[in-house]
2 protein chains.
Amino acid sequence: MEHIRELLDIKLLGQSFNPSSGHTLSLENAKVIAQLYSKFENGISVLSDMKTRKSYIYYGAVADVLGLTRRQNEINSIWEDELLDVIHTDDLQKKYRLELLYFQLLNTIAVNDRSDYEIITKLRIQRSEGITQFLKHRLLYISSSPDNSIWLALCLYNLIPDYPGFDAPDGLILNTRTGRILGSEEKFPEILSSREKEIMQLIRQGKRSKEIAEKLTLSINTVNRHRQNIFQKLNVSNAIEACRVVEAIELL
Amino acid sequence: MEHIRELLDIKLLGQSFNPSSGHTLSLENAKVIAQLYSKFENGISVLSDMKTRKSYIYYGAVADVLGLTRRQNEINSIWEDELLDVIHTDDLQKKYRLELLYFQLLNTIAVNDRSDYEIITKLRIQRSEGITQFLKHRLLYISSSPDNSIWLALCLYNLIPDYPGFDAPDGLILNTRTGRILGSEEKFPEILSSREKEIMQLIRQGKRSKEIAEKLTLSINTVNRHRQNIFQKLNVSNAIEACRVVEAIELL
C-alpha cells in the first residue's frame, strides 16, 4: 500500500491558492480559536496552513502526559511530527486514511458547510512503560480560500479519562449538525456506484476505454462519461492518480 | 428535599461583586468563546453572568433537534429555561445537584485553576414522540471577579450521536488537566472528615455546641473549631445554611 501521507501531501499541498482575499475565516481568528481550545480543553491544538505549509501548535496540559515540551510553536510543516511520533503507528495509518477520505468528501461540499464535518479518532499513545493511554483526536477544516481550496485545518488532541462514559469512536467522519456518520474505519461510504467501481477495477488493471467498453458491452461514450464522473468524485485528473486514491482509502 | 435550584440561586447570586475591574476573562471575550463553541460544535452555548443575572444564548444546529427557535438571545436570568424545560426532570435535578457541588468545590480553588474543572452530564430530552435523544452537557466557570467570586459560567449542550464510541458519563466533575474525577453522581467526594460528618449530623438534629461536646466527650472549643471548619468547607455562614447544603448535595 502506498504511503498515504505522501498522497495527502500531494492532495492538500497541491491545491491552488489564489492570492486574493476573502477566506471564510482569517488566519489570525483561527489562531485565537486554536489557542482557546488548548486553554479550555487542556489539550493540544494544531492549526495547519496548507498554503504556506506551516503549523501553529498550542500546548495544553495534555502535553505533559505525552512527554512533550509545552512551548508555543510555529513549524514549517503541516505535520506535527513531534506529537505524531508518540502515536501508535497503526492508529496513525488509520488517521491518515480517514484524513484522505475526509479531504475527498469535503472537496465536494459547499465551503460554508465544511465546518459541520469532523474526523474523530481514538489514538493509542506509544509509550515504553506499557501503560496504554488514549487520546481523542478531532480534525476540522475550518477555513477555505476564495477559490474553494481547503486552507486551514484544526487538529485537537485530548486525553480520554479512564472512567465509564468517556470514550471515542475508533475512527469516523461525523456531521455534527445532523449527528450522521459519513464514513468510519469499518465502513467507507459509497462514493462510487457499483458500475463505477466495476469500471474503476478495469482501469486499475490498465485497460483502456475501448477495452472496457467491449468487456462491459457499453458504448465508448458511456465508458468515458463514467470515467469522467469517477475522476470528478475522486477529485483527480488522471487514471494513475485515481488508482492511488482508491488504493489509499481502500475504496474498492 | 429542598429545591436545589433555589439554593444555587442563593449561592451563585449571593456572591459579592466589587465594582473594580480585573476579571480573569472579560465579558466580551467570553461571548466570543461561547459563540465559537456554538458555531464549531453545532451545539447550544449559554454564557451566564452571576453579577448582572443575565444569560447570553447562542443557538447552534442542535436547537433544531430540540425544537427551539434559533435566534441569538439575551435573557434576564441565569437559567436558560426554554432549554432546561425540554430536559428530563430527573436529569435536571442531577444537573443542579452537581452544579451545587461544583460551586462548593470551585470556591475553594485558586481563581486561575478554576477553568481546569468542568461538569459533564448526560441529559435525556423530554419529547412527546417517545424517541430518547441524549445531550452531552458541559459546565465551566470561565471567569472570576477580582474578589474571587465566580462570575461567568459557560454551559455547552451537544448532541450525542447514536453510534458506538459516543457517550457521556451520567454526571461528574472532571479535572481536564489531570483526567481525575472529583465527584460523580454515584459518589460525592469526601468534603467532610468522618468527625466533621458526625458533628454535622448532630447540628442537623438541632443540637447546640455544648450538647455536641457532651455527647462526643470533646471540649466545647474543639466542637466550635470543627464547626468553623465545616462552615468554611461548605462555604456557608450559619448552621441552617450548612444543613441546606449537605441535604442538597446529599453529603452525609
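Treat the numbers as computed from the prediction; the structure is a model and nothing was measured. Starting afresh in each chain, residues are numbered from 1 along the sequence in its written order. Chain labels run from A onward and ligand labels from 1 onward, assigned in the order the entries are written. It should be noted that, the model being predicted, local features are given only for residues of pLDDT at least 70 and side-chain atom pairs only at 80 or more, the latter also being counted only at that level, while totals for whole chains, interfaces and linings use all residues. Water and hydrogen atoms play no part in the side-chain values, which are based on all heavy atoms of the structure.

Okay, the overall build of chain A next. Scanning chain A for helices and strands turns up nine helices and eight strands. What you see for chain A is a C-alpha radius of gyration of 20 Å, in line with the 18 Å of a compact globule of 252 residues. Projecting the C-alpha coordinates of chain A onto the three principal axes gives extents of approximately 60 × 45 × 35 Å. Relative to its 252 residues, chain A shows a buried fraction of 56%. Only heavy atoms matter for contacts: two residues are in contact if any of them lie within 4.5 Å across the pair. Looking at chain A alone, contacts between residues at least 24 apart form 59% of all its contacts between residues at least 6 apart. The charge count treats Lys and Arg as positive and Asp and Glu as negative. His and the chain ends do not count. Note that the charge is assigned to NZ on lysines, CZ on arginines, CG on aspartates and CD on glutamates. Put simply, chain A has 32 plus and 33 minus side-chain charges, and the middle of one group is 5 Å from the middle of the other. A run of H or I in DSSP counts as a helix once it spans at least four residues, and a run of E counts as a strand once it spans at least two, with each numbered from the N terminus. Using C-alpha atoms as the atom set, the radius of gyration is obtained and then compared with a globule rule of 2.2 Å times the number of residues to the power 0.38. Each residue's exposure class comes from its accessible area (1.4 Å probe, protein chains only) as a fraction of the maximum for that residue type: buried when under 20%, exposed when over 50%, partly exposed otherwise.

Let us now look at the environment of A:Lys122. Residue and element names in this part refer to chain A. In this fold, Lys122 is placed in strand 4 (residues 117-124). A C-alpha to C-alpha distance of 21 Å links Lys122 and Arg177, two positions 55 residues apart in sequence. Each polar contact in these results corresponds to two N or O atoms within 3.5 Å; when the atoms are within protein, one needs to be able to donate a hydrogen and the other to accept it, and residues that are neighboring in sequence are counted only if both atoms are side-chain atoms. Side chain to side chain, Lys122 and Asp167 meet in a polar contact 2.8 Å long.

Looking at chain A, the pLDDT average stands at 89 and 95% of residues meet or exceed 70. The quantity known as pLDDT measures the predictor's confidence residue by residue, on a range of 0 to 100. Here strand 8 (residues 180-184) of chain A stands out as the least confident element of chain A, with mean pLDDT 81; strand 1 (residues 44-49) of chain A is the most confident, with 97.

Here we take up the sheet that holds strand 2 (residues 54-59) of chain B. Residues and elements named next belong to chain B. Criterion used throughout: strands pair if DSSP finds at least two bridges between them. Taken in spatial order, the eight strands of this open sheet run 3-2-1-6-5-4-7-8, and their pairing is antiparallel. On the outer flanks of this sheet lie strand 3 (73-75) and strand 8 (180-184), each paired with one strand and no other. Here the average twist between neighbouring strands, direction ignored, is 20 degrees. Here nine bridges tie strand 5 (residues 134-144) to strand 6 (residues 150-159), and the two strands are oriented antiparallel to one another. If you follow Arg138 over to strand 6, its bridge partner there is Leu156. Angles here are taken between N-to-C directions and fall from 0 to 180 degrees, while the axes themselves are lines fitted to C-alpha atoms, restricted in helices to the stretch in contact.

In this section: the packing of aromatic side chains. Residues and elements named next belong to chain B. Aromatic pairing here means that ring centres of Phe, Tyr or Trp (its six-membered ring) are within 6.5 Å. Orientation follows from the plane angle: under 30 degrees is stacked, over 60 is edge-to-face, and everything else is tilted. Counted by the stated rule, this structure contains five aromatic pairs over all chains. An angle of 85 degrees between the planes, with centres 5.3 Å apart, marks the rings of Trp79 and Tyr96 as edge-to-face. Here the residue Trp79 occupies a position in the loop between strand 3 and helix 4 (81-84), and Tyr96 occupies one in helix 5 (residues 89-107), the gap between them amounting to 17 residues. As far as burial versus exposure is concerned, Trp79 and Tyr96 are alike and both buried. A centroid spacing of 4.5 Å and a plane angle of 35 degrees characterise the contact between Tyr102 and Tyr141, whose relative ring orientation is tilted. Placement of the pair is Tyr102 in helix 5 and Tyr141 in strand 5, with a sequence separation of 39 residues. Under the relative-accessibility criterion, Tyr102 is labelled buried at 0%. In our convention, an over-ring charge means Lys NZ or Arg CZ found within 6 Å of a ring centre and within 35 degrees of that ring's normal. Against the face of Tyr56 rests Lys31, its NZ or CZ located 4.3 Å from the ring centre.

In helix packing, the relevant descriptors are the interaxial angle and the interaxial distance, both defined with respect to the helix axes. Residue and element names in this part refer to chain A. It is the contact of helix 6 (residues 194-204) with helix 9 (residues 239-248), at a shortest axis distance of 10 Å, that shows an interaxial angle of 115 degrees. Considering their axes alone, helix 6 and helix 9 lie roughly perpendicular with respect to each other. Helix 6 and helix 9 meet at a crossing whose hand is left-handed. Counted together, Met200, Ile203 and Arg204 of helix 6 and Ala239, Ala242, Cys243, Val246 and Glu247 of helix 9 form the full contact between these two elements. By residue class, the composition of the contact of helix 6 with helix 9 is six nonpolar, no polar and two charged. Oblique is the label for every angle not falling under 35 degrees (roughly parallel), over 145 degrees (roughly antiparallel), or within 65 to 115 degrees (roughly perpendicular). Crossing handedness follows the turn of the near helix against the far one: under a right angle anticlockwise gives a left-handed crossing, and clockwise gives a right-handed one. The classification used treats Ala, Val, Leu, Ile, Met, Phe, Trp, Tyr, Cys and Pro as nonpolar, Asp, Glu, Lys and Arg as charged, and all other residues, Gly among them, as polar.

This paragraph deals with the interface of chain B and chain A. Interface extent is often summarised as the accessible area lost during association of the parts. Of the residues lining the interface, 35 residues belong to chain B; the matching set on chain A comes to 35 residues. Take the accessible area each of two parts loses on contact, using a 1.4 Å probe, and add the two losses: that sum is the buried area. Counting the surface lost from both chain B and chain A, the interface buries some 2,800 Å², and carbon and sulfur atoms represent 59% of this. Considering only the side of chain B, the residues that lose the most area to chain A are B:Phe40, B:Tyr163 and B:Arg177, jointly responsible for 22% of the buried surface there. Any Lys or Arg side-chain nitrogen located within 4 Å of an Asp or Glu carboxyl oxygen qualifies as a salt bridge. Across the contact surface, chain B and chain A share two salt bridges. The salt bridge partner of B:Arg138 is A:Glu41, with a shortest N-O separation of 3.1 Å. Linking chain B with chain A are eight residue pairs in polar contact (both at pLDDT 80 or more). Mapped by element, the contributors of at least two residues to the side of chain B that touches chain A are helix 2 (27-41), strand 4 (117-124), strand 5, strand 7 (171-175) and strand 8 of chain B. The greatest single-element share of the side of chain B that touches chain A, amounting to six residues, is contributed by helix 2 of chain B. By residue class, the composition of the side of chain B that touches chain A is 19 nonpolar, seven polar and nine charged.

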